[in-house]
Every structure is written in C-alpha cells, then in structure tokens.
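Residue-level listing of the chains:
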Amino acid sequence: MAFIDEFKSAPRTAAFVVFFLGQAAIINFSQIVALILKPINNGSFERFINYSQRLFGVLLVAITELFAPSSFVITADPEAADIFNNTSKDSLKQLSFPDRIILIANHQIYADWIYLWCIAYFAKAHDAMKIILKDSLKHVPIFGWVNIYSMLYFARLLQGMQFFDFIFLRRNWSSDQVHLAQHLNRLSSSANPLWLILFPEGTVVSDCTRQKSAKFAAKHDIYNPKNVLLPRSTGMHFCCSQLRKSVDYVYDLTVGYEGLKQDQIPQIEYTLKSMYFLNKYPRQVHVHVRRFEMSDVPTDDNEFTSWIRARWQEKDELMEHFYQNGRFPVSEHRKVIDIKMNHFSDLGQIWLLSIPLIAVSCTIWYFIRNFVF
C-alpha cells in the first residue's frame, strides 16, 4: 500500500523537487558568488546574505502555499495582542513584532521551523531568523528516507543555513558554550533585526522522548507534562543572559496542528515527506502567542529553571485544551492568515536572480576555456 501511495505521488514529488530544489540552488549559488564581495566590502556581502534569506523565506511560504496549503489561526494573550496592530506604512505586513526578539515554541514536527519562518514572513522579519540546530542535522537526510532527491535537498538546505549564520550545537555544553557565546556576542552587538528561534524541548515529541521526559520528572519529583516535553533550561538561560541588553521581549508560541489526537505522535502523522509529497498535511495551524518582558525573566539559574518549567506547564495545559476542543481558548485577540505569498512577484525575484548568475557562470567558463586550458 505504501508503495502504491508513493507511486501515485511521484508526479507531485517530481514537481516539488524541481520547484524547490531549483530555486534553492539559485539562492545558494548566488550566495557562493557573493563571496567575492566579502573581502572587498563585507557590509555589502552581509546585506546580500540578508536578501537571500528573505528569498528563502519567500520560497518556504511558496512551497507551503502550493504543496501544503493551510492557514494560521493565531490567538494572543492581552499583553501580546499588539502583534495584530500594524502601525507601519506597509499594508502587506499582517503581524507586528519588535525588531529584536527571542522566540520560543513547543517542538512537535520537523516542519515547525518552516511554519515559524512563515510567521516571520507575515511580520516582514523573514531575513532576521537565527535558529539553533542540533549539529547532527548536518549528517541526517531531512526527509527521513535516503534517496538522491533528499540528499540533494538537504545539501542545499544545509549550505544555505551556514550562509544564514545559523547556530549548530553538539549538545556537549563544555564545547558548545564557547561557540554559542561568540555567536551570541556578535548578535548582541549588532543593531540588525533578530528573531532567535529556540525549541527548549530540544527535540520533537516521540514515544522515546516522552519516556525520557517522564523518567526525568519522576526522578526530580516535578510536574510531568502529557502533551509536551520538559524544557531544557541551560541553553535558553544562556541565550537570555547574553542577549538581555539588546532584546526586550521573549515571545512564547504554542503550536497545535489540526487533525491530531492526543495519543498520536505528531511527527509520525505529519512528516516532511507526507506533507509535501503525499498530500497529508494540516489545513490549519493554530498558534497561541504570549509575551514576557526580558526584565521579568529570572537571571538566577535555579529561578530560571523554575520559570521555564512553569511556562511549559501552562503550555501543556494549552495543548490539553487544544486536543479536547480542536482550538486554543477563545480570545478576542484572534486573526486567521492564509499561508500565501503577498505577491507572486516575491517569487519572481529568485528567477531574476538567475540572470546575473548565468552571466557570471558564462564569463567564468569563457575564461577557463580560453585562458586556462
């Protein structure tokens, strides 16, 4: 049966690979060519990398619109309700966040970061994303199945992430701390917009991770959540301490996917493969937003651990309500946003980018052919 489903999905898979991989390649090759600027004018190089990150954000919105069309159902606590107040002159900006934030969320499926990037797109912040990732992701094919398409896709994605200055950690705090401190110090001293994305649970929900979370809760006699995993406090506390002077708010997003039941493993139901290849994806993505002032986030290690665990207990209760009612608690602060590009021309920028790339490639080939060989 699985073979039949994959056979039927072959045209869809081919269309996705050609559409996504082709445009990701254009973005990635443009980044490589832009390296010429780095020793000449580093500022121009960084501006181009930011531009390429915006294009990649557009591409993520495009593949979701075309291959897994869905909508955000966003609700907010009163203190975060101003995300719906667009005071800018940009009529296409549908969400308003501060320029520099730390954003935390529960982690259910590998596509979580794609949806968070789509949220950033609607806030015109899709060039500000910084994500902390497991170092092992450098070596594991992202679709979870080994074939030429997934390997090519992952290679492109990884190269782009490295250009975007994402942070890869090995989960060995003694070695990660120095690397993370250097990275965060650079981000803290910069005046550029910043969305630092953190998944404090560290991994997606699974039978195995649920058991580990429950075992840890029992050992330390603390609350054992049913719908999320216990958060890890060390990394997030370090990030908050390093960015405290340059970031004013921590935004806490609780994400629930339509069609899931409480006893299901989200990542089994909605894999990247099933979403973009097999036409099985959530039609609505529910997001509840809370906001905390950085000044209210504890600086002491033990107090911070208690604080983040309390937030995750509240998140577990929100997810309990979601599984029982198919939505988060009713809020007067609510907005539905279809995950679509603001303009098709947004995608056209990637195609236009291919023109100078072709010209550069032809020039290099001409030089090699006539002056090297």
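What counts, and at which threshold
Residues numbered from 1 in each chain as written. Predicted model: local features only at pLDDT ≥ 70, side-chain atom pairs only at ≥ 80, totals over all residues. Heavy atoms only, no water. Helix = DSSP H or I, 4+ residues; strand = E, 2+ residues; numbered from the N terminus. Buried < 20%, exposed > 50% of the residue type's maximum accessible area, 1.4 Å probe, protein only. Phe/Tyr/Trp six-rings, centres within 6.5 Å; stacked < 30°, edge-to-face > 60°. Lys NZ or Arg CZ within 6 Å of the ring centre and 35° of its normal. Salt bridge = Lys/Arg side-chain N within 4 Å of Asp/Glu carboxyl O. Core = buried A, V, L, I, M, F, W, Y, C linked by side-chain atoms within 4.5 Å. Contact = heavy atoms within 4.5 Å.

Take unusual backbone geometry next. What is expected of a backbone is that most residues other than glycine have negative phi and most peptide bonds are trans. Phi is positive for Asp221, which is not a glycine, with a value near 55°. Its location among the elements puts Asp221 in the loop between α7 (207–220) and α8 (234–243). Positive phi, close to 65°, is recorded for Asn279, a residue that is not glycine. Locating Asn279 in the fold gives a position in the loop between α10 (272–276) and β7 (284–293). Here Asn279 falls in the partly exposed class, since its relative accessible area comes to 39%.

This brings us to the packing of aromatic side chains. What the rule picks out here adds up to 22 aromatic pairs. A ring pair is formed by Phe19 and Phe67, whose centres lie 6.1 Å apart and whose planes are at 55°; its orientation type is tilted. Taken together, the residues Phe19 in helix α2 (residues 10–34) and Phe67 in helix α3 (residues 42–67) connect sequence positions 48 residues apart. Residue classification places Phe19 among the buried residues on the basis of a relative accessible area of 18%. On the numbers, 5.3 Å between centres and 75° between planes, the contact of Tyr121 with Phe122 is edge-to-face. Taken individually, Tyr121 and Phe122 each receive the classification buried, so the pair is uniform in this respect. Positioned above the aromatic ring of Tyr281 is the side chain of Arg283, whose terminal nitrogen or guanidinium carbon lies 3.8 Å from the ring centre. In this structure, Lys315 packs its charged tip against the face of Trp312, placed 4.7 Å from the ring centre.

Let's shift gears to the pattern of salt bridges. Enumeration over the complete set of coordinates arrives at 8 salt bridges. With its nearest N and O atoms 3.1 Å apart, the salt bridge here joins Arg291 to Asp82. Residue Arg291 is located in strand β7, and its partner Asp82 is located in the loop between β1 (71–76) and β2 (100–105); the two are separated by 209 residues in the primary sequence. The closest approach of N and O atoms between Glu269 and Lys280, which form a salt bridge, is 3.3 Å. Of this pair, Glu269 sits in helix α9 (residues 266–269) while Lys280 sits in the loop between α10 and β7, placing them 11 residues apart in sequence. You can call Lys280 partly exposed: its relative accessible area is 39%. In this structure, a network of salt bridges that share partners links the residues Asp252, Arg290, Arg311, Glu314 and Lys315.

As a further point, take the nonpolar core. Formed by 108 residues in total, the largest nonpolar core has its most connected members in Leu59, Phe72, Ile102, Trp195, Leu196 and Tyr276. Sort the elements by how many residues they give to this core and α3 lands first, with 12 residues. If sequence neighbours within four positions are ignored, Leu196 has contacts with Ile101, Ile102, Leu103, Lys130, Ile132, Ile167, Leu184, Cys239 and Leu243.

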